[in-house]
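Reading the structure
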Amino acid sequence: MIPTRSRFASACPPLPPPPPPRRGLRNMPSLRPKPALFNPIFRLTTSGLLRRTGAGGAVRAMDAAQVFDRESGASDEPDQRARLKIAIVGFGNFGQYLARTFAAQGHAVIGHSRSDHSAAARSLGAAFFRDPHDLCEQHPDVVVLCTSILSTEAVLRSLPLQRLRRSTLFVDVLSVKEFPRNLLLQLLPPEFDILCTHPMFGPESGKHGWSGLPFVYDNVRIGDSEDRANRCRRFLDIFAREGCRMVEMSCTEHDENAAEIQFLTHTVGRLLAKLDLKPTPINTKGYETLLELVENTCSDSFDLYNGLFMYNNNSTELLERLELAFNSLRKELFGRLHVNLRKQLFQSPDGGSSPGAEEN
Ligand code: NAP
């Protein structure tokens, strides 16, 4: 069970009503009116980090002031307030999966990736920009980093941050949390807000909806104005509206838990995949669970699994514990086998022990 920190606050103003559905998406399940389940406190649990900049010196957003001043005036309209412009950087498997729900809830989605995903973006009702400059010049409210863990630093460094609005909210959805938190604090201008999150599900495990699935988040650096708190809340509310179990947790605590929950699960799934298990006419429930585990874990990229190993401090220890546990189990089995064999070997036909057995 994941420990939680308190997160509800009656003091927060209620969210504005969800934006009206876009044409053609009217029947999608996520458009059903859902209660605003989530009303977090935007106190800064990591207040010491507010406005902290990295060792390498802060980059400052420079050239967007007039444009976003005008845009923020326009967003005083009620519908505009509720609708976020969300840029997804890393428009691969998981990026597209998130985009579908963001768009279905009426948010404007724009994407960027190393590869050209224009067609996929179009089919999701999103716009795709091959050039990161063009993406940033769209002045999204939120930038969601959804690249592979291994490529995140290079991708973040390649973004022309100076083209974004000064108050942009950066969100990461990486499956490890301490690494992106430190990276974002180090590389982003101090004016940018930072929300580290981990939706603990994917296209396979969340294929029947997100209801009850855990969504972990840490408000690493959210400016203290009401606008910034509201923007962060509106983003989190996308997941709350889908019924996710919202869990506020520090990035450190997440990684301690995730090594066991996630890295172990993926390791066992990938280990079983090496056995090339096949369905049989007499599958038991337990065996079917194993087959499902293989499917759930191996449908994610190896980069993702590798990232879980490389960027979680706790993974190496977990691998060692797994190896010890396996060896100890094997020793126990072979120990018992040895005792039984010896009994059979030295048992005389009349049921008594043979003289040799006494000596041993
Ligand atoms: P992934 O293999 O971890 O990441 C694929 C994305 O990373 C693609 O958009 C890909 O770009 C980009 N990428 C890979 N190498 C790159 C490089 N060298 N330079 C630039 N971009 C590169 O698979 P994923 O499942 O889509 O996961 C994306 C992120 O979401 C990861 O950080 C993962 O931890 C997190 N996440 C995934 C799940 C899940 O269930 N899949 C759940 C929660 C969180 P292209 O588009 O050009 O291929």
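Residues numbered from 1 in each chain as written. Predicted model: local features only at pLDDT ≥ 70, side-chain atom pairs only at ≥ 80, totals over all residues. Heavy atoms only, no water.

Within an unreviewed UniProt entry, the label attached to the protein chain reads Arogenate dehydrogenase, and the organism entered is Musa troglodytarum.

A closer look at the overall build of the protein chain
Defined as follows: By the criteria applied, helices consist of DSSP H or I runs no shorter than four residues and strands consist of E runs no shorter than two, each listed in order from the N terminus. Per-residue accessibility, obtained with a 1.4 Å probe over protein chains only, is compared with the maximum for each type, and a residue is labelled buried under 20%, exposed over 50%, and partly exposed between these values. For the area figures, the Shrake-Rupley method with a 1.4 Å probe applies, and any residue is considered shielded solely by the protein chains shown.
Along its length, the protein chain carries 13 helices and 8 strands. Looking at the 360 residues of the protein chain, the share that counts as buried comes to 45%. Within the structure as shown, the protein chain displays about 18900 Å² of accessible surface, and the carbon and sulfur contribution to it stands at 54%.

Side note on the packing of helix 9 (residues 251–273) against helix 11 (residues 302–310)
Quick note on the threshold: Axis angles are defined between N-to-C directions and span 0 to 180 degrees, where every axis is a line fitted to C-alpha atoms and, for a helix, only to the segment in contact. Relative orientations are named as follows: roughly parallel for angles under 35 degrees, roughly antiparallel for angles over 145 degrees, roughly perpendicular for angles from 65 to 115 degrees, and oblique for any other angle. For any helix crossing, the convention is left-handed if the near helix is rotated counterclockwise from the far helix by under a right angle, and right-handed if that rotation is clockwise. Contacts between residues were defined by any pair of non-hydrogen atoms, one from each residue, lying within 4.5 Å. Amino acids are sorted into nonpolar (Ala, Val, Leu, Ile, Met, Phe, Trp, Tyr, Cys and Pro), charged (Asp, Glu, Lys and Arg) and polar (every other residue, Gly among them).
Running from N to C, helix 9 and helix 11 cross one another at 135°; their axes reach a closest spacing of 10 Å. With respect to each other, helix 9 and helix 11 are oriented oblique. Handedness of the crossing formed by helix 9 with helix 11: left-handed. Each of Q262, F263, H266, T267 and R270 in helix 9 lies in contact with helix 11, whose residues at this interface are F302, Y305, L308 and F309. Classifying every residue of the contact of helix 9 with helix 11 gives 5 nonpolar, 3 polar and 1 charged.

What about the site of the ligand?
Quick reminder of the rule: The near set for a molecule or strand comprises every residue that places at least one heavy atom within 4 Å of it. Here a polar contact is recorded for every N or O atom pair within 3.5 Å, except that within protein the pair must consist of a potential hydrogen donor and a potential acceptor, and residues adjacent in sequence are included only if both atoms are side-chain atoms.
Near the ligand there are 27 residues, and of these S113, S115, H117, S175 and S301 occur at the shortest range. For the ligand, an oxygen atom lies 3.1 Å from a polar atom in the backbone of G92. Coverage of the ligand by the protein chains reaches 85% of its 860 Å² of free accessible surface. If you list the elements that add at least two residues to the shell around the ligand, you get helix 3 (93–104), strand 6 (193–199) and helix 11. Its residues assigned to classes, the shell around the ligand comprises 11 nonpolar, 13 polar and 3 charged.

Concerning the sheet that holds strand 2 (residues 108–112)
Strands in a sheet are paired, the pairing made by backbone hydrogen bonds, and the direction either parallel or antiparallel. Selection rule: Here, a strand pair is defined by DSSP locating no fewer than two bridges between the strands.
Strand order in the open sheet made by the 8 strands is 3-2-1-4-5-6-7-8, with mixed pairing throughout. In this open sheet, the two strands that pair with only one neighbour each are strand 3 (127–128) and strand 8 (245–248). Here helix 8 (residues 226–241) sits on the sheet and contacts strand 1 (85–89), strand 4 (142–145), strand 5 (169–172), strand 6, strand 7 (214–221) and strand 8; the angle it forms with strand 6, its principal contact strand, is near 10°.

Notes on the nonpolar core
Most often, soluble globular proteins have nonpolar side chains that are buried together. Heads up, the condition is: To form a nonpolar core, buried Ala, Val, Leu, Ile, Met, Phe, Trp, Tyr and Cys residues must be joined to one another through side-chain atoms within 4.5 Å.
One finds I86, I88, F102, V144, F235 and F239 to be the most contacted residues of the largest nonpolar core, which totals 36 residues. Elements with a minimum of two residues in this core: strand 1, helix 3, strand 4, strand 5, strand 7 and helix 8. The residues touching I88, leaving out its near neighbours within four places in the chain, are G95, A99, F102, V109, I110, G111, H112, V144 and C146. Counting residues in each nonpolar core, the second largest holds 32 residues, with V155, F179, V220 and L318 among its members.

With respect to helix 9
Put simply, the test is: Bend is the name given here to the angle between axes fitted to two runs of seven residues, the run ending at a residue and the run starting at it.
The largest bend in helix 9 amounts to roughly 50° and is located at A258. Buried within helix 9 are the following residues: C251, H254, D255, A258, A259, Q262, F263, H266, T267, G269, R270 and L272. Where helix 9 is buried, its residues touch helix 7 (178–187), strand 6, strand 7, helix 10 (285–298), helix 11 and helix 12 (315–346).

A short note on a nonpolar patch on the surface
Applicable threshold: Here the term patch refers to residues with relative accessible area over 30% and no salt bridge, with like charges joined within 9 Å and nonpolar side chains (Val, Leu, Ile, Met, Phe, Trp, Tyr) within 5 Å. Salt bridge, as applied in this entry: a Lys or Arg side-chain nitrogen positioned within 4 Å of an Asp or Glu carboxyl oxygen.
A cluster of nonpolar side chains, L150, F309, M310 and L319, forms an exposed patch at the surface whose accessible area comes to about 310 Å². Take F309: it is sitting in helix 11.

Some points on the pairing of strand 8
Sheet topology note: the strand 7/strand 8 ladder contains 4 bridges and is parallel. Residue V216 lies in a different strand from strand 8, and its bridge partner there is V247.

Quick look at the packing of aromatic side chains
The following threshold applies: When two rings of Phe, Tyr or Trp (its six-membered ring) have centres within 6.5 Å they constitute a pair, described as stacked for plane angles under 30 degrees, edge-to-face for angles over 60, and tilted for the intermediate range.
Counted according to the given criterion, the structure contains 14 aromatic pairs. Seen in terms of ring centroids, F102 and F239 are 6.0 Å apart; in terms of plane orientation they differ by 85°. Their pairing is edge-to-face. Taken as a pair, F102 in helix 3 and F239 in helix 8 lie far apart in primary sequence, 137 residues in all. Each member of the pair, F102 together with F239, is buried.

A short note on helix 11
To keep things clear, this is the line we draw: Starting at the helix axis, one direction is taken to each C-beta atom, and the arc is that of these directions.
Taken residue by residue, helix 11 has Y305, G307 and L308 as its buried positions. Relative to the axis of helix 11, the buried residues are bounded by an arc of 160° and lie together on one face. For helix 11, the elements touching its buried residues are helix 9 and helix 12.

Some points on the pattern of salt bridges
Considering all chains together, one arrives at 13 salt bridges under this definition. Two residues, R231 and D193, come together in a salt bridge whose shortest N-O distance is 3.0 Å. Residue R231 is found in helix 8, and its partner D193 is found in strand 6; the two are separated by 38 residues along the sequence. Take R231: its relative accessible area is 7%, and that puts it in the buried class. Overall, the relative accessible area of 1% leaves D193 in the buried class. When the shortest N-O distance is used, the salt bridge between R241 and D237 registers 2.2 Å. You can see R241 and its partner D237 sitting in helix 8, 4 residues apart, about one turn around the helix.

As for the environment of R234
Following the sequence through the fold, R234 ends up in helix 8. The exposure class assigned to R234 is buried, which follows from its relative accessible area of 18%. For the pair R234 and L84, spaced 150 residues apart in sequence, the C-alpha separation works out to 7.9 Å.

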